[in-house]
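Analysis of the macromolecular model
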Amino acid sequence: MSTPQSLLIRQAEIILPNGESMIGDVLTEGRYITQVGREITTATPVKEIDAQGLTLLPGVIDPQVHFREPGLEHKEDLFTASCACAKGGVTSFLEMPNTRPLTTTQSALDDKLQRASQKCVVNYGFFIGATTENLPDLLSAQPTPGIKVFMGSMHGQLLVNQEEALEAIFARGKRLIAVHAEDQARINERRQEFAGITDPAVHSQIQDNQAALLATQLALKLSKKYQRRLHILHLSTADEAELLRQDKPSWVTAEVTPQHLMLNTDAYETIGTLAQMNPPLRSPHDNEVLWQALRDGIIDFIATDHAPHTLAEKAQTYPNTPSGMPGVETSLPMMLTAAMDGKCTVAQVVQWMSKAVAVAYGIANKGEITPGYDADLVLVDLKNYHPVKREELLTKSRWSPFEGWSLTGWPVTTIVGGEVVYDKGQVNTQVRGQALTFVS
Ligand code: DOR
């Protein structure tokens, strides 16, 4: 492991906490940002980074990823995934409990934290997964950003789809509940209806907008009954966005993925089962309504739902193909390209990918370029475009639904805790991230 030295980032376009930008310098000492100014002079020599022409953002906090370790390391592991994060400008991640074993106990959580401390080049946190039987673990597990509830799209122990079982979870404790909101009963019915169809496009019909809406309505109802902190993961439909526009209590947050904003059911024609995920891709109309909800603050932030599967697994025939797609390497350039296309501003991207996530999960000291904050930073190039290329990806799965897309805003340098973890194509594998802590 290496230790952080002082870094002086010179003449970057810095995105400030108020959303304005300034050409200036940022000094980091140890793990922290210590100065932000137009021109910083230091008494002692420091490592300088010439950032002229580049834009400096707070590191991305990706609040929903599936990194597959332990148990499914043929798809991804904490080392490969965290290297992909570093390349994508993601300096912290929150990982989901559907590993093997499931992360449903303190000892499984401790095991992940231990593995991450040895392997992760960026900062990490892990959700505890709800079953119908682990209420005591859900109340006591530490440190965790919250409880993950799969209301649908899951089988086995992690599926909690009966209202009574869900209510037992909402009724006890205070910590954040993050829901994968799809109605399993409706999915089961529609699977029968569409049985035998092997076109993956049918996936979006089986797990339709109504399945998502029903589950989101139920989660909202329970959250309101107990005033329980609720986060709706990967909101995917116009229907749910409109519901939240009418009725979103102050203690509820929601996220959207870049793929639900920028891909739709047309993608099945071009990339087939690589477009298959849960909740599924929707229509162009849903894309537009989700964008508007994000701009209006109805949706609070962005997550990738990075869910890698091997190309061999994806090459099977629907419905035997697994759902999910990788995302941590492309999310920031995807969003910054959208900003350059006029869909939003760069400051909004920072808000949605860093600040709002830190606030929602009570991650102190992250998400802003401010003296005293953690030196988790990413320098991006907003002047050049470069296509997503399979051979350049670091995720073990080695594919992206966005292959061939010409993107700007690619990270040039990523800094975690004051250390350069990624620079112009190279990951410094000696860097180690830290376990995140969460203030509720
Ligand atoms: O498409 C998905 N794949 N959605 C999820 O919520 C889970 C994920 C996975 O773990 O593969």
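Residues numbered from 1 in each chain as written. Predicted model: local features only at pLDDT ≥ 70, side-chain atom pairs only at ≥ 80, totals over all residues. Heavy atoms only, no water.

Looking at an unreviewed UniProt entry, one finds the chain named Dihydroorotase and attributed to Cuspidothrix issatschenkoi CHARLIE-1. What UniProt states about the chain under its Function (unreviewed entry) heading is, verbatim, "Catalyzes the reversible cyclization of carbamoyl aspartate to dihydroorotate." (UniProt positions renumbered as here; feature names shortened; annotations may be inferred.)

For the chain, the helix and strand inventory stands at 14 helices and 20 strands. Relative to a compact globule of 440 residues, whose C-alpha radius of gyration would be 22 Å, the chain shows 21 Å and is just as compact. Reported as C-alpha extents along the three principal axes, the dimensions of the chain are approximately 70 × 45 × 40 Å. For the chain, with 440 residues in total, the buried portion stands at 62%. Restricting to contacts in the chain with at least 6 residues of sequence separation, those with at least 24 account for 73%. Surface summary for the chain: the accessible area is close to 16,300 Å², and the carbon and sulfur share equals 49%. In the chain, which carries 38 positive and 50 negative side-chain charges, the distance between the mean positions of the two groups comes to 3 Å. (Helix = DSSP H or I, 4+ residues; strand = E, 2+ residues; numbered from the N terminus. Rg over C-alpha atoms; globule rule 2.2 N^0.38 Å. Buried < 20%, exposed > 50% of the residue type's maximum accessible area, 1.4 Å probe, protein only. Contact = heavy atoms within 4.5 Å. Areas by Shrake-Rupley, 256 points an atom, 1.4 Å probe, with all protein chains shown as cover. Lys, Arg positive; Asp, Glu negative; His and termini not counted. Charge placed at Lys NZ, Arg CZ, Asp CG, Glu CD.)

A separate point is the environment of Glu288. Within the secondary structure layout, Glu288 lies in helix H11 (residues 284-295). Glu288 sits in the partly exposed class, given a relative accessible area of 40%. For the pair Glu288 and His260, spaced 28 residues apart in sequence, the C-alpha to C-alpha distance is 9.8 Å. A distance of 3.2 Å separates the side chain of Glu288 from the side chain of Lys343, its partner in a polar contact. (Polar contact = N/O pair within 3.5 Å; in protein donor to acceptor, adjacent residues only side chain to side chain.)

Our next topic: the site of the ligand. By nearness alone, 13 residues border the ligand, and Arg68, Asn98, Asn278, His309 and Ser323 come closest of all. Side-chain polar atom of Asn98 to an oxygen atom of the ligand: 2.8 Å apart, as the coordinates give it. Between an oxygen atom of the ligand and a main-chain N or O atom of Gly324, the distance comes to 3.3 Å. Protein contacts shield 94% of the accessible area of the ligand, which totals 290 Å² for the unbound molecule. (Near = heavy atom within 4 Å.)

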